[in-house]
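Architecture at a glance
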Amino acid sequence: MKDRKRFDYSSRILSMYGIPADSDDVLRKVIDGEIRYEDLPVDDDTEGRKGYFFEDQAKFVASHEGQEILCQVLDNEPCRQDKCPMFLPVGATRPMENRYGQPLCGEFRFVFQKTKQ
């Protein structure tokens, strides 16, 4: 369950633009290695729209500079970064391109603790 009083969620970017998202339960299986990220069903329209809003996600990450990246799928525990198949470091070309100067999540699941409550 999201706690919007304590945390900022990058997944709100998807919901602001009406983009359907995979469930956290499915994405947890990806992180735990039960499902390969590449094997998730792909809706070309949805995936294309997500890619269009990577710049918004990069701005979201930049607005939380210096804070630890947390993961919504992992119940706001630290992001596993390079150990997560959805993590896109700066300059990544696979599984998606990241040319936005900030780390990104392919599924918009980054979370940051709010500094002011």
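Figured I'd write up the structure that's included with this text. (Residues numbered from 1 in each chain as written. Predicted model: local features only at pLDDT ≥ 70, side-chain atom pairs only at ≥ 80, totals over all residues. Heavy atoms only, no water.)

1. Notes on the side chain of Ser11
Relative to the helices and strands, Ser11 resides in helix α1 (residues 11-16). Sequence-distant contacts of Ser11, defined by excluding residues within four places in its chain, comprise Lys2, Gln72, Phe108 and Arg109. (Helix = DSSP H or I, 4+ residues; strand = E, 2+ residues; numbered from the N terminus. Contact = heavy atoms within 4.5 Å.)

2. What about the sheet that holds strand β2 (residues 70-71)?
Spatial strand order, β1-β6-β2-β3: four strands in an open sheet with antiparallel pairing. Both outer strands of the open sheet, β1 (7-9) and β3 (77-78), are each paired with one neighbouring strand and no more. With two bridges joining them, β2 and strand β6 (residues 110-113) adopt antiparallel strand pairing. Opposite Cys71, over in β6, you have Phe110 as the bridge partner. (Pairing = 2+ DSSP bridges.)

3. As for the nonpolar core
By size, the foremost hydrophobic cluster in this structure holds 29 residues, and its most contacted members are Ile31, Met86 and Phe110. At the level of elements, α1, α2 (24-31), α4 (54-62), β4 (87-88), β5 (104-105) and β6 are the ones that each hand at least two residues to this core. If we skip the residues at most four places from it in the chain, Ile31 touches Cys71, Val73, Leu74, Arg80, Cys84 and Met86. (Core = buried A, V, L, I, M, F, W, Y, C linked by side-chain atoms within 4.5 Å. Buried < 20%, exposed > 50% of the residue type's maximum accessible area, 1.4 Å probe, protein only.)

4. Thoughts on the layout of surface pockets
Of the pockets and cavities examined, the largest pocket occupies roughly 170 Å³. Taken together, Asp22, Tyr37, Glu38, Leu40, Pro41, Val42, Glu47, Pro95, Met96 and Glu107 form the lining of the largest pocket. For the lining of the largest pocket, a count of residues per class yields six nonpolar, no polar and four charged. (1 Å grid on protein atoms, 1.4 Å probe; cavity = no way out; pocket = protein on both sides within 12 Å on 5 of 7 lines; lining within 4 Å. Points joined across faces, edges and corners; volume = space filled by probe spheres on them. Nonpolar A, V, L, I, M, F, W, Y, C, P; charged D, E, K, R; others polar.)

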